[in-house]
Amino acid sequence: MKKIKSIIFTFILILNSNLALSAEKIDLLKVDWSFNGLFGTFDRGSLQRGYQVYTEVCASCHSMKHLSYRNLAQEGGPEFSLEEAKAIAASFIVVDGPDEYGEMFERPGKLSDKFVNPYLNDNEAKSANGGAYPPDMSVLVKARGGGANYLYSVLNGYEEPPANIELDDGVYYNKYMYGNKIKMANPLDDGIVEYNDGTEATIDQMSKDVVTFLTWAAEPHLETRHRIGFKVIVYLIILSILVYFSMKRIWSRIEPKV
Amino acid sequence: MSDHDYTPSSKFGKWFNDRLPLLTLGKHLTDYPTPKNLNYWWTFGGILTFCLITQIITGLVLAMHYIAHADLAFASVEHIMRDVNYGWLLRYVHANGASMFFLAVYIHIFRSLFYGSYKSPREIIWILGIIIYVLMMAAAFMGYVLPWGQMSFWGATVITNLFSAIPFVGESVVTWLWGGYSVDNPTLTRFFALHYLIPFLILGLVVLHIWALHVPGNNNPIGIDLQKPSKDTVPFHPYIVVKDLFALLLFMIVFAFFVFYSPNILGHADNYIEADPLVTPTHIVPEWYLLPFYAILRSVPDKLMGVIAMFAAIGVLAILPWLDTSKIRSAVFRPLYRQFYWILVLDVLILGYVGAMPAEGLYLLVARVATAYYFAHFLIILPLLGKKERTLPLPLSLTEPVLGGSVAMSAAKHKSEKNNL
């Protein structure tokens, strides 16, 4: 009996470790993200820098269609001031309409607009990128096994292909990409963006910042979730203790122990 | 249930109760004599009721914001996650709630298997339970389709395609299920309608399940029939209520941990990619709670036989009360059955594990052995075991110690009661 039970527990352990392994075929680079853990929160500076990397580098190909410019000023996000967010929105041209004459027209973006899509439609996106659709980045962190660590690893995983691997034109070798082949050229290079806050724009720094930003984009209420979660669990623990003693009290009428 | 002579104290209460005996029902529920030796494995009935109600309430609010349309569903889920007040909380509670629901139902079912709760006179309770379980799987499967992610779409394609294995009419049945020639908008809208309907069917069956339970009363860890009410029982309220509440709170702590700290760990990352009929995911896997059945399905080389095996795996549970020939309920007094019980638990875990792996090589072999053993347990081992096994002596009641010769006595008692029923 004991033996079988111990076998089951061992099995569950193996199962867990195996599942973890199969999710990440090779060991991903691990970053000690500030948003992990019970009290994890985003680093505002990193979010703002990450937005800058996204908008200056990624956004030329990758859409982010579920986010609006107002989100940039939201609590728990990059927390740009309302004026800054308005200015950011206004820097984009939005096609609106039809107006009263039935004409489409262009206007500067507003806070309520969704992030402007770099392409008119998915087909244009594909044809402009050698047939590979640059995935929408709104929930990209949640859409990849390994999440933030995976994206960080891919951004740092570009290297020369091993001798036995032939690459077609427009295909690049990446250590961490599934199948090791990726149609996106290495997007980052030291100093490719110039940070306003004076942080040095190394590949490592930019990839951390942009992944932090993408994690927030995928999970904009993460900070609230962590905050409420802690309260809920503490509340439940206290209540369980109280109910436990009530239970002892009630059952003591029948017998000393439950 | 019927032998209540309850008279409400107030005049209005009496007037009302004479016309609709709700107060008598309330009195019955609070007084309901419950074995006092129930352990914590018996608290999962209450926990499951909580799960069902949580799913219905969160689901109701989610349905107010969700749009069942192939072009809009994914975006409407993102709208819920981002813009609806506490929408993220509702959705994560609902999605993880499904997993918690299945976790609890598996414990509930395996508790029943260990203590022989499915045996006479509780066969109807058991069968109702199995129907509820099947409906839960249907509801969960359809619910998983609604976000219209990659796993939603391809999971729906794989599962509905199973029906094409039906001889002659298979293809037509699948077209009928889809409402077209592939999984598309009509499939999504009908799944949404059914996903909304099924929980209420489950709710009705739960009422019957509890009603059927209240006829013979609870089984207990010793598995003997108890005098009710007697020194062996306690009134449901407050004794069982407070114990169920305590267990529920512990369960809610686990639940909350998933919802607040790893809300996506039980789901598949691919479901955050919008459905694309032109791109097939590398591995199509169902949610964890369906994996053992998925393993059984894939372990049979023939499609039709695989589907039959999968449904038979559930069907065999429905006839379990007649497959298990042992008169002794609780595994506590069945040393051999206890061993086989734990092997079955291990077997189902193995099935679940290989269900998540690609169906090839060693995994496939293991899946086949485990599938064969699963059926052997119910169809060969249990019928034989009841006849061969030497069981331990049963006590006559919870308070009396085991007396010499009590096996014969309790067996006689058991027999006479059976005859009475």
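Counting restarts for each chain: residues are numbered from 1 in the order of the written sequence. Whichever chain is written first is A, and whichever ligand is written first is 1; the rest continue in order. Local features are withheld for residues below a pLDDT of 70 in this predicted model, meaning they are given only at 70 or higher, and side-chain atom pairs are given and counted only at 80 or more; totals for whole chains, interfaces and linings count all residues.

Structural notes on the overall build of chain A
Item 1. Elements are defined by DSSP. Helices are runs of H or I of four residues or more, strands are runs of E of two residues or more, and each kind is numbered from the N terminus. The helix and strand tally for chain A stands at seven helices and four strands.
Item 2. From first element to last, N terminus to C terminus, chain A shows the α and β order α-α-α-β-β-α-α-β-β-α-α.
Item 3. The buried share of chain A, taken over its 258 residues, is 28%.
Item 4. Think of it this way: build a C-beta for each residue from its backbone, and any pair within 7 Å is a contact. Within chain A, contacts between residues at least 6 apart in sequence are counted, and of these 59% link residues at least 24 apart. Here a residue counts as buried when 20 or more other C-beta atoms sit within 10 Å of its C-beta, as exposed when there are 12 or fewer, and as partly exposed otherwise, the C-beta atoms being derived from the backbone.

Structural notes on the domain arrangement of chain B
Residue and element names in this part refer to chain B.
Item 1. When the domains of chain B are assigned, the result is domain 1 (30–284) and domain 2 (288–389).
Item 2. Between the C-alpha centres of domain 1 and domain 2 there is a distance of 22 Å.
Item 3. Tallying the contact residues gives 25 residues for domain 1 and 20 residues for domain 2.
Item 4. Counting residues per element, the ones that place at least two in the side of domain 1 that touches domain 2 are α5 (87–115) and α6 (123–145).
Item 5. Considering every element that reaches the side of domain 1 that touches domain 2, the biggest residue donor is α6, with seven residues. A domain assignment, automatic or from a database, supplies the domain bounds used here.

As for the interface of chain B and chain A
Item 1. In this complex, chain B contributes 32 residues to the contact, which on the side of chain A involves 35 residues.
Item 2. At the level of elements, α4 (73–82), α10 (236–261) and α14 (335–356) of chain B are the ones that each hand at least two residues to the side of chain B that touches chain A.
Item 3. When residues of the side of chain B that touches chain A are assigned to their parent elements, the largest contribution, 14 residues, is made by α10 of chain B.
Item 4. Polarity classes work like this: nonpolar for Ala, Val, Leu, Ile, Met, Phe, Trp, Tyr, Cys and Pro, charged for Asp, Glu, Lys and Arg, and polar for all others, with Gly in that last group. Of the residues in the side of chain B that touches chain A, the class split is 25 nonpolar, two polar and five charged.

Re the nonpolar core
Item 1. Core analysis: the largest hydrophobic core is formed by 58 residues, its most contacted members being Ile47, Phe101 and Ala104 of chain B.
Item 2. Secondary structure elements with two or more residues in this core: α7 (222–251) of chain A together with α3 (44–65), α4, α5, α6, α7 (150–161), α9 (185–214) and α10 of chain B.
Item 3. Broken down by element, the residue count for this core peaks at 13 residues, all from α5 of chain B.
Item 4. Once you skip the residues sitting within four places of it in the chain, Ala104 of chain B turns out to touch Phe44, Ile47, Leu48 and Cys51 of chain B.
Item 5. To count as a nonpolar core, a set of buried Ala, Val, Leu, Ile, Met, Phe, Trp, Tyr and Cys residues must be joined through C-beta atoms within 7 Å. Of all hydrophobic cores here, the second largest spans 39 residues; its members include Tyr51, Tyr152, Leu188 and Val211 of chain A.

What about α7 of chain B?
Residues and elements named next belong to chain B.
Item 1. End to end, α7 covers 16 Å across 12 residues, agreeing with the expected 16 Å (1.5 Å per residue, within 8%).
Item 2. Of all 12 residues in α7, nine are buried, a share of seventy percent or more.
Item 3. Turning to α7, its buried residues number three or more, namely Gln150, Met151, Ser152, Phe153, Trp154, Gly155, Ala156, Ile159 and Thr160.
Item 4. Residues of α7 that are buried make contact with α6, α8 (170–178) and α9. One less than the number of residues in a helix, times 1.5 Å, gives the span that helix is expected to have.

Structural notes on the confidence of the model for chain B
Residue and element names in this part refer to chain B.
Item 1. Model confidence for chain B is summarised by a mean pLDDT of 93, while 94% of its residues fall at 70 or above.
Item 2. Here residues 404–421 is modelled with pLDDT under 50, and outside its nearest four sequence neighbours on either side it reaches 16 contacts, counting other chains as well.
Item 3. For this predicted complex, the interface score ipTM comes out at 0.90, while the overall pTM is 0.91. Every residue carries a pLDDT, the predictor's confidence in it, which falls somewhere between 0 and 100.

Some remarks on α9 of chain B
Residues and elements named next belong to chain B.
Item 1. Here α9 spans 44 Å end to end across 30 residues, near enough to the 44 Å set by a 1.5 Å rise per residue.
Item 2. Every buried residue belonging to α9 is among Thr187, Leu188, Phe191, Phe192, His195, Ile202 and His209, and all of these are buried.
Item 3. Its buried side turned inward, α9 meets α3, α4, α6, α7 and α8.

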